[in-house]
Structures are given as structure tokens and as C-alpha cells.
Amino acid sequence: MSLPDKAFPVSWDQFHRDARALAWRVAGMQREWRAMVAITRGGLVPAAIICRELGIRMIETVCIASYHDYEEQGELKVLKDVDPRLLENEGDGILVIDDLTDTGKTAAVVRAMMPKAHFATVYAKPKGRPLIDTFVTEVSQDTWIYFPWDMGLTYQEPITKGHRG
Ligand SMILES: O=P(O)(O)OC[C@H]1O[C@H](OP(=O)(O)OP(=O)(O)O)[C@H](O)[C@@H]1O
Ligand SMILES: [Mg+2]
């Protein structure tokens with residue numbers, strides 16, 4: 001696996017704030033949503049925060065698996081489709097949530113199922129941006145976002161070493 005040029009680590013607290021900021025943006029549209037669709041697995045976390053803020057109680061998933069490393073994404077497999085009732089009117093009135101869009105491939109697969117759905121992600125990279133409607137923070141394409149559920153507390157070397165005498 002090649003290493004990313006830049007790292008963007010996100011704490012739980014920051015993720016909660018950013019997901020809430022996304023909820024504020026979507027709330028500003030003043031639309032009634034028929035349902036929320038979370039793109040698993042990463043979309044489950046912001047979906048839980050945003051459905052609470054927007055009062056949405058009909059939550060569905062679209063389950064997608066892909067092999068990922070920093071630069072390459074393997075083939076995408078849809079493991080579970082959305083309920084066919086949500087596909088009515090090309091997905092109009094459906095709010096689709098994911099943690100981020102990177103190359104835009106995941107969003108494109110789901111967009112093909114529901115072309116009129118509203119796509120919202122917490123973070124976006126430039127290639128994925130055209131595939132989604134609303135996001136909070138953009139990071140450069142050569143940045144890897146480290147989510148809090150993928151991290152743990154570890155010892156950090158001092159920035160300047162050699163203080164032990
Ligand atoms: O725009 P893309 O290049 O398609 O990348 C974005 C997708 O990649 C990550 O999911 P991943 O496939 O790693 O699976 P996970 O959500 O189960 O962790 C992320 O949660 C997005 O769904
Ligand atoms: Mg994902």
C-alpha cells in the first residue's frame with residue numbers, strides 16, 4: 001500500500017461537529033425527505049448523527065464493498081440494494097449519506113440507482129465533488145482522511161527528540 005502524501009486525522013468530536021454541520025446545510029434546504037439511505041459502512045456513522053438532527057426515521061442502507069488502498073480502488077460490489085419502493089421517481093426525496101467521496105466511484109454507482117436523490121457527504125475530494133450535492137469540508141486528492149473508528153490512542157514521539165539527558 002502506498003502512503004498518502006498528507007494525512008487528515010479526524011477525532012470523534014470533530015466528526016460529530018462536521019456531521020452536524022452537514023445536517024445544518026441539508027436542513028437549510030427545507031425539504032421533506034422520504035427516507036435516508038446510508039452507504040455502508042462509512043456512511044452509517046454520519047447517518048446516525050444526521051437522521052437525529054433532521055428527524056428522519058426511515059433509514060435504509062445500500063451495502064457496497066470495495067477493496068481500497070490509498071491510490072487504487074478495486075471493483076465495487078453491491079451486496080445489498082435499496083428497497084425498490086425508494087427507487088420510485090428516480091429516488092426523488094431520498095437523502096443519501098456517506099462519510100466521504102474520493103474518486104466519486106461509490107457515489108456514481110448509487111447515483112445510477114437514484115438519479116434524483118440528494119447526495120451528501122461530510123468530506124469531499126476534488127474528483128468526487130461533481131458526483132455529490134452537499135458536503136462540508138474539502139481536502140486535496142492526495143490527502144488521506146483517517147476516521148476515528150479506524151484509529152486508536154498511541155504514543156507519540158516528541159517533535160524534538162533527545163531530551164532524555
Ligand atoms: O469516492 P470513492 O473513491 O468511491 O471512495 C469513497 C468511499 O470509500 C470509502 O468506503 P470503502 O469502500 O472504503 O468502504 P467502507 O465504507 O465499508 O469502509 C468511503 O466510506 C466511501 O464510501
Ligand atoms: Mg464507504
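Treat the numbers as computed from the prediction; the structure is a model and nothing was measured.

(A) Spotlight on the site of ligand 1. Surrounding ligand 1, one finds 15 residues, the nearest of these being R41, D98, D99, T103 and T106. D102 places a main-chain nitrogen or oxygen 2.7 Å from an oxygen atom of ligand 1. Within the side chain of T103, one N or O atom sits 2.5 Å away from an oxygen atom of ligand 1. Out of a free accessible area of 500 Å², ligand 1 has 86% covered by protein chains. Secondary structure elements with two or more residues in the shell around ligand 1: β3 (59–68), β5 (94–101) and α3 (105–113). Per-element tally for the shell around ligand 1: the top contributor is β5, with four residues. Its residues assigned to classes, the shell around ligand 1 shows one nonpolar, nine polar and five charged.

(B) Region of the structure containing helix α2 (residues 44–54). All of the buried residues along α2 are P46, A47, I49, I50 and C51. Phi turns positive, to about 70°, at G55, one or two residues after α2.

(C) Region of interest: the side chain of D99. By the secondary structure assignment, D99 is in strand β5. Lacking a salt bridge, the buried D99 has R41 as its closest oppositely charged neighbour, with an N-O distance of 8.8 Å. Non-local contacts of D99, meaning those with residues more than four positions away in its chain, are made with F15, G42, G43, P46, T121, V122, Y123, F147 and W149.

Procedures and definitions
- Residues numbered from 1 in each chain as written.
- Chains lettered and ligands numbered in written order.
- Predicted model: local features only at pLDDT ≥ 70, side-chain atom pairs only at ≥ 80, totals over all residues.
- Heavy atoms only, no water.
- Near = heavy atom within 4 Å.
- Polar contact = N/O pair within 3.5 Å; in protein donor to acceptor, adjacent residues only side chain to side chain.
- Areas by Shrake-Rupley, 256 points an atom, 1.4 Å probe, with all protein chains shown as cover.
- Helix = DSSP H or I, 4+ residues; strand = E, 2+ residues; numbered from the N terminus.
- Nonpolar A, V, L, I, M, F, W, Y, C, P; charged D, E, K, R; others polar.
- Buried < 20%, exposed > 50% of the residue type's maximum accessible area, 1.4 Å probe, protein only.
- Lys, Arg positive; Asp, Glu negative; His and termini not counted.
- Salt bridge = Lys/Arg side-chain N within 4 Å of Asp/Glu carboxyl O.
- Contact = heavy atoms within 4.5 Å.

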